[in-house]
Amino acid sequence: MDYNAKLKYGTEEVEIGIKGAASVDVLNPDKMPEIEDVEAAFLACVTDKAIGSEPLKGKISAEDKVTIVVSDITRSWMHQGDIITLLGHYLHDEMKVPFENITILIALGTHRKSTEQEKEIIAGSYMYSNVTVIDHDCDAECTYVGTTSRGTEVRVNPLVIGRKVIVVGGTVHHMMAGFGGGRKNILPGVASRQTIRQNHQRALDPNIAHSDPRVGCALLENNPINEDMNEAAALVDVTYGINIVVATSGRFSGLFGGDLYEAWKESCLFQKKCYEKWIDHEADIVIVSSGGAPKDMNLYQGCKGMMNGMRAMKEGGQMLWLCKCPEGCGAPDYTAWLDPLKEGRLDPALRADFTIGGFIFYLTVENLKKGEVRILTTIDNDTTEPMGMKAFTDASVFAQGIDFTGKSVYVIPYGGSVVPMVEGVD
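Conventions and cut-offs
Residues numbered from 1 in each chain as written. Predicted model: local features only at pLDDT ≥ 70, side-chain atom pairs only at ≥ 80, totals over all residues. Heavy atoms only, no water. Helix = DSSP H or I, 4+ residues; strand = E, 2+ residues; numbered from the N terminus. Buried < 20%, exposed > 50% of the residue type's maximum accessible area, 1.4 Å probe, protein only. Polar contact = N/O pair within 3.5 Å; in protein donor to acceptor, adjacent residues only side chain to side chain. Axes fitted to C-alpha atoms, helices over the stretch in contact; angles between N-to-C directions. Left-handed = near helix turned anticlockwise from the far one by under 90°. Contact = heavy atoms within 4.5 Å. Nonpolar A, V, L, I, M, F, W, Y, C, P; charged D, E, K, R; others polar. Pairing = 2+ DSSP bridges. Parallel < 35°, antiparallel > 145°, perpendicular 65-115°, else oblique. Core = buried A, V, L, I, M, F, W, Y, C linked by side-chain atoms within 4.5 Å.

### Quick look at the side chain of R311
Part 1 of the reasoning: One can find R311 in the loop between α8 (299-310) and β16 (313-322).
Part 2 of the reasoning: Residue classification places R311 among the buried positions, given a relative accessible area of 19%.
Part 3 of the reasoning: A polar side-chain atom of R311 sits 2.8 Å from the main-chain carbonyl oxygen of P420.

### A short note on the packing of α8 against helix α12 (residues 356-368)
Part 1 of the reasoning: Contact geometry for α8 and α12: axes closest at 10 Å, N-to-C directions at 30 degrees. For the element pair α8 and α12, the recorded crossing hand is left-handed. Across the interface between the two elements, Y300, C303, M306, M307 and M310 of α8 pack against I356, G357, I360, L363, T364, N367 and L368 of α12.
Part 2 of the reasoning: For the contact of α8 with α12, the residue count by class is nine nonpolar, three polar and no charged.

### Considerations on the sheet that holds strand β4 (residues 66-71)
Think of a sheet as strands paired side by side through backbone hydrogen bonds, with each pair either parallel or antiparallel.
Part 1 of the reasoning: Strand order in the open sheet made by the six strands is β6-β5-β4-β9-β12-β13, with mixed pairing throughout. Two strands in the sheet have a free side with no partner beyond their single neighbour: β6 (132-135) and β13 (252-258). Direction aside, the axes of adjacent strands within the sheet are offset by 20 degrees on average.
Part 2 of the reasoning: Judged from the six bridges that link them, strand β9 (residues 164-170) and strand β12 (residues 238-246) form a sheet pairing that is parallel. By the bridge assignment, V168 is partnered in β12 with I242.
Part 3 of the reasoning: Contacts between helix α2 (residues 80-94) and the sheet are confined to β4, β5 (102-107), β9, β12 and β13, with β4 contributing the most and set at about 170 degrees to the helix.

### Side note on the packing of helix α1 (residues 38-46) against α2
Part 1 of the reasoning: Axis separation between α1 and α2 bottoms out at 10 Å; the angle between their running directions is 60 degrees. Judged on the interaxial angle alone, α2 and α1 are oblique. Considering only the axes of α1 and α2, their crossing is right-handed. When α1 is examined against α2, the residues V38, E39, F42, L43 and V46 are found in contact with a partner set consisting of I83, L86, L87 and Y90.
Part 2 of the reasoning: Partitioned by chemical class, the residues of the contact of α1 with α2 number eight nonpolar, no polar and one charged.

### Concerning unusual backbone geometry
Part 1 of the reasoning: Cis rather than trans, the peptide bond between L187 and P188 has omega equal to 15 degrees.
Part 2 of the reasoning: Structurally, the position occupied by P188 is in the loop between β11 (178-179) and α5 (193-200).
Part 3 of the reasoning: A cis geometry characterises the amide bond from A293 onward to P294, with omega recorded as 0 degrees.
Part 4 of the reasoning: Structurally, P294 can be placed in the loop between β15 (283-289) and α8.
Part 5 of the reasoning: Of note in the backbone geometry, A218 takes a positive phi value of approximately 75 degrees without being a glycine.

### Focus: the nonpolar core
Part 1 of the reasoning: L299, W321, F359 and M387 are the most contacted members of the largest nonpolar core, which has 78 residues in total.
Part 2 of the reasoning: Ranked by residue count, the leading element in this core is α12, at eight residues.

Here is the structure:
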């Protein structure tokens with residue numbers, strides 16, 4: 001079987017020719033509904049379609065101080081600025097909340113600070129021009145609000161204490177928390193570095209040198225990270241949550257508003273129906289793109305595509321992974337773990353000084369052990385080879401030498417979003 005796979009690579013498109021394969025299956029998300037009237041859908045999610053909550057208007061008065069918690073620039077694909085603009089008009093024009101009472105807090109977690117241009121993209125020009133837009137700083141003074149049953153001491157940004165808090169985020173599958181969005185905009189979004197570390201270090205298996213098998217994409221029940229996040233977020237009095245699901249076209253597919261947990265849970269179920277793809281076998285070869293810009297802006301973010309692709313690949317198989325990474329590896333903490341890896345002490349080093357970037361690096365290396373991986377990227381091979389993959393910068397030679405003859409092949413154009421689920425395994 002012959003097939004020409006066309007996949008996104010940054011802002012470009014790359015074509016890979018497949019010759020003589022036994023089978024080629026393309027794993028795309030199910031066709032998602034696209035919201036035609038976004039303003040009407042927004043109004044519904046803050047009024048009569050509120051989930052597990054009374055409408056927003058009944059929960060905030062004109063005199064209240066309001067903090068809108070939003071995701072950072074790495075989630076710009078969900079176009080939250082459009083929703084923040086509608087929310088701003090609703091709060092100011094309909095609910096009569098003055099601009100000076102509204103602050104937008106960017107849930108950076110441990111990510112880098114936003115530029116002013118990025119703040120405007122995140123908040124939308126209307127709100128950026130009218131209200132205060134600030135980054136959360138995980139190393140600044142945070143307020144203690146309680147301790148979870150697992151012992152995580154929860155400290156959060158003071159702007160989510162004693163104010164009406166509206167959380168706006170995108171719901172996607174997440175490699176540690178099961179799903180992103182919702183409670184994740186509190187922890188890690190606006191939590192202290194120590195709180196984030198205490199939560200995230202539960203990703204390591206307590207008994208062996210491996211990640212905890214209870215932690216992973218699409219896993220919520222009995223996932224210690226997810227359950228700890230839920231407890232932590234419950235310690236903050238969140239007034240309302242708005243959860244965004246985006247189609248691969250970039251258009252809004254679903255808006256779910258209401259109680260922080262209940263509305264987020266509904267958005268997860270919607271996301272599962274669209275993006276989880278059940279398969280009856282693992283393939284010899286997987287060709288996967290992280291999804292192009294901005295999902296492949298750096299390796300730290302783009303590695304989700306590879307990890308999802310690994311779910312569809314046989315042990316000892318081959319992978320062609322497209323992840324451009326114009327910002328390189330991303331978080332400096334990510335590549336800081338190259339030396340412990342080369343010295344054969346990655347696991348004990350991470351347990352002694354756990355960081356989020358370190359764990360994502362650890363998980364990347366762990367996944368790459370499953371087979372032979374080539375990556376099309378702007379990152380040099382000296383960085384990628386110790387991790388377990390060979391880097392190529394020239395698309396014309398990327399697939400040379402890969403023998404597709406008689407092999408089963410999966411093509412995954414949107415690896416950052418599509419989650420293969422193997423029947424009888426997941």
